[in-house]
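Take a look at the letters that make up each chain.
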Amino acid sequence: MTIVNRVVNSGFETGSLPPWTGLNASVTSQASHTGTYSALLATTSEASSITQTVILNPGERYGFVASLAKQNNDPNPPIFIVVDYYDSSFNFLNRGFTLNITANRLPPAGDWLEVYGATSIAPPGAAFGVILIQKLAFGSPIFVDDVAFATVTETIGPTGPIGVTGATGAVGATGATGATGVTGAYGVTGATGVTGADGATGATGATGAAGVTGATGSTGTTGPTGVTGATGSAGPSTPISVNRIYVANQGSDNVSVINGNTNTVIATVPVGSEPYGVGVNPTTNRIYVVNSGSNNVSVIDGTSNSVIATVPVDSGPQGVGVNPTTNRIYVTNESSNTVSVIDGISNSIIATIIVANRPRGVDVNPVTNRIYVANRGSNNVSVIDGISNNVIATIPFVPFSTGISVNPTTNRIYIVNENDDSVGVFDALSNSFIAIVPTGGSIPQGVDVNPATNRIYVANTGSENVSVINGLSDSVIATVPVGTYTWEVGVNPLTNGIYVSNLYNDTVSVISGNSNTVIATIPVGNTPIGLGVNP
């Protein structure tokens with residue numbers, strides 16, 4: 001049996017990283033599992049990682065081994081190890097391996113933990129594997145040593161000599177009776193017997209078929225037209241608002257309504273104090289505006305562009321998510337650590353759900369009827385079941401989470417991490433971590449998904465641009481400069497238009513999802529912050 005390790009410099013005994021590439025990482029002799037050196041994922045204020053590309057073959061399965069240790073006795077942060085498969089042109093094929101080491105899992109400083117796993121079979125066309133070992137931006141620095149990504153080849157020896165024939169076994173039990181044989185040929189027909197007496201008369205036979213239809217007579221004279229009946233009652237009206245964007249202007253306490261076909265403001269709707277989040281139900285053509293200063297929600301009719309109801313909620317409301325299938329509206333209340341559930345028919349609160357500390361962002365998967373709440377103060381995400389209105393799971397270790405968005409087609413969750421300028425990707429089926437995507441921008445806030453194109457758009461407030469993420473490869477494929485102090489982003493999946501609020505120059509930037517360029521800049525009210533789209 002031959003074991004082939006595809007990793008080069010697996011024990012870092014060269015005293016340097018190459019061919020590994022590192023982010024906030026180095027080679028050190030402070031500690032080692034074997035030999036003299038190990039890699040150190042050192043920083044505590046930002047994420048840190050090492051990566052190596054290895055050559056592999058399609059159809060093979062690989063074993064992964066690594067040794068991990070803490071530099072000090074602070075709790076270790078979550079550590080994520082993934083292997084992705086690529087073809088010879090370096091096109092992403094699929095993910096072959098994921099291993100999550102939870103926070104505070106490693107033993108005390110000085111002791112090592114060996115982790116193991118097996119990949120999926122490399123798909124047809126696979127030529128490379130990319131190994132990523134990454135820790136999040138808090139807790140103890142981490143030592144990494146003795147990394148193996150190995151194939152096992154078994155050598156078959158020569159066939160041994162035939163052994164001595166064993167003794168004859170005992171006679172077995174009598175078998176079951178066999179099947180009946182074929183029936184023999186018929187004998188000769190005997191002589192015809194005497195004719196019997198006539199039998200009784202049989203029943204009357206069925207009626208014969210109908211004769212041919214005669215020729216049609218001439219048409220008679222048309223009678224006079226009857227009196228017209230009364231006009232029936234009008235059917236239910238259908239919402240007519242299409243391609244509308246609703247922008248909450250926090251400084252002027254109103255909402256700008258943008259026509260997405262002309263990129264012009266067609267109405268301004270007064271709402272409550274300090275409007276923040278905006279949610280839209282395209283089925284009912286209702287718009288829900290969270291007023292953080294007056295602790296209520298304004299309900300706007302999209303046909304008349306007027307407020308038709310005001311719903312009181314808990315203290316410090318921020319975000320809003322809408323399930324158009326169930327007509328339920330979910331409002332995060334940051335100051336009271338709750339989520340208010342509004343019935344869209346009666347415009348009344350039907351439940352108040354306690355979540356974790358400082359909930360802000362919220363989004364809904366209407367397919368699974370799950371609601372995801374980003375808790376900024378407790379670094380996690382609450383998962384709510386829309387039927388029972390109970391928290392059924394908590395996704396841990398999402399530091400400084402603000403914006404959150406769900407792709408209902410892929411059932412992936414995208415959570416903005418403001419602290420280390422990244423987006424965490426989670427599988428909503430298992431509520432488990434998949435990837436961390438550095439945005440390349442600064443202080444990300446808002447995020448939205450186009451499920452039609454599987455593109456994710458992240459508004460970077462500090463660098464005043466938008467990162468475009470490919471949802472298949474979990475990588476940034478474009479960066480689009482926009483206005484001053486970018487905050488929120490909304491997507492129209494039908495037109496592939498992306499709308500970005502710019503707080504400090506009172507505008508909305510319109511990005512074409514086809515070209516990833518700004519095609520219009522629309523003046524709106526004072527301090528635009530939240531926005532929602534009715535496609």
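Residues numbered from 1 in each chain as written. Predicted model: local features only at pLDDT ≥ 70, side-chain atom pairs only at ≥ 80, totals over all residues. Heavy atoms only, no water.

*Asks:* Help me out: how do you make sense of the packing of aromatic side chains in this one?
*Replies:* Centre distance and the angle of the planes are the two values used to describe a pair of aromatic rings. In the structure shown here, the tally under the stated rule is ten aromatic pairs. Seen from their ring centres, Tyr86 and Phe90 are 4.4 Å apart, and the 15 degrees between their planes marks the pair as stacked. Accessibility expressed as a relative area gives 12% for Tyr86, which makes it buried. Given the relative accessible area of 40%, Phe90 is considered partly exposed. (Phe/Tyr/Trp six-rings, centres within 6.5 Å; stacked < 30°, edge-to-face > 60°. Buried < 20%, exposed > 50% of the residue type's maximum accessible area, 1.4 Å probe, protein only.)

*Asks:* Explain the side chain of Ser501 here, please?
*Replies:* Within the secondary structure, Ser501 sits in strand β36 (residues 497–502). Residue contacts for Ser501: discarding those within four places in its chain leaves Tyr485, Thr486, Trp487, Glu488, Thr507, Val508, Pro528, Ile529 and Leu531. (Helix = DSSP H or I, 4+ residues; strand = E, 2+ residues; numbered from the N terminus. Contact = heavy atoms within 4.5 Å.)

*Asks:* When you look at the sheet that holds strand β8 (residues 92–101) in this model, what are you seeing that I'm missing?
*Replies:* Reading across the sheet, the five strands line up as β2-β5-β10-β7-β8 and stay open at both edges, with antiparallel pairing between neighbours. Looking at which strands have only one partner, the edges of the open sheet turn out to be β2 (21–23) and β8. Across the sheet, the mean angle separating the axes of adjacent strands is 15 degrees when strand polarity is ignored. (Pairing = 2+ DSSP bridges. Axes fitted to C-alpha atoms, helices over the stretch in contact; angles between N-to-C directions.)

*Asks:* What's the story with the pattern of salt bridges in this structure? I'm lost.
*Replies:* Pairing between side chains of opposite charge can happen when the charged atoms of each approach one another. In this structure the tally under the stated criterion is eight salt bridges. A salt bridge links Arg358 to Glu334; its shortest N-O distance comes to 3.1 Å. In this pair, Arg358 is assigned in the loop between β22 (348–354) and β23 (359–365) and Glu334 in the loop between β20 (328–333) and β21 (338–343), connecting sequence segments 24 residues apart. Among the residues examined, Arg358 registers a relative accessible area of 34% and is labelled partly exposed. Since its relative accessible area comes to 11%, Glu334 is described here as buried. Two residues, Arg370 and Asp385, come together in a salt bridge whose shortest N-O distance is 2.7 Å. (Salt bridge = Lys/Arg side-chain N within 4 Å of Asp/Glu carboxyl O.)

*Asks:* Sorry if this is basic, but what is going on with the side chain of Asn407 here?
*Replies:* Counting through the fold element by element, Asn407 comes out in strand β27 (residues 401–407). For Asn407, a relative accessible area of 0% corresponds to the buried category. Excluding its chain neighbours within four sequence positions, the residues that come into contact with Asn407 are Arg412, Tyr414, Val449, Pro451 and Asn454.

*Asks:* I tried to follow the nonpolar core on my own but got confused; where do I start?
*Replies:* Nonpolar side chains tend toward joint burial in soluble globular proteins. Ranked by size, the top nonpolar core spans 32 residues in total, and within it Ile50, Phe64, Ile133, Val144, Val147 and Phe149 carry the most contacts. Where this core is concerned, the elements lending two or more residues are β4 (38–41), β5 (48–55), β6 (63–70), β7 (79–87), β8, β9 (113–118), β10 (126–135) and β11 (142–153). Counting residues in each nonpolar core, the second largest holds 16 residues, with Val255, Ile287, Ile300 and Trp487 among its members. (Core = buried A, V, L, I, M, F, W, Y, C linked by side-chain atoms within 4.5 Å.)

*Asks:* Got a minute to help me understand the pairing of strand β14 (residues 264–270) in this structure?
*Replies:* Each regular strand carries side chains that alternate between the two faces of the sheet. Here strand β13 (residues 254–259) runs beside β14; their pairing, made up of six bridges, is antiparallel. Looking at the pairing, Val257 lines up with Ala267 of β14. Hairpin connection between β13 and β14: a loop of four residues separates the two successive antiparallel strands, and Asn263 in this loop has a positive phi of roughly 55 degrees.

*Asks:* Help me understand the pairing of strand β37 (residues 507–512), please; the structure alone is not making it clear to me.
*Replies:* Counting buried residues in β37 gives six out of six residues, a clear majority hidden from the surface. Burial along β37 is two-sided: the residues Thr507, Ser509 and Ile511 and Val508, Val510 and Ser512 are all buried. With six bridges connecting them, β36 and β37 associate as antiparallel partners. Across the sheet, Tyr499 pairs through a bridge with Val510, a residue of β37. The turn linking β36 back onto β37 is made up of four residues, and Asp506 within it adopts a positive phi angle of 55 degrees. The pairing of β37 with strand β38 (residues 517–523) spans six bridges and is antiparallel. Across the sheet, the residue bridging to Ser512 is Thr517, located in β38. In this structure, the hairpin formed by β37 and β38 is closed by a connection of four residues, where Asn516 is found at a positive phi of approximately 55 degrees.

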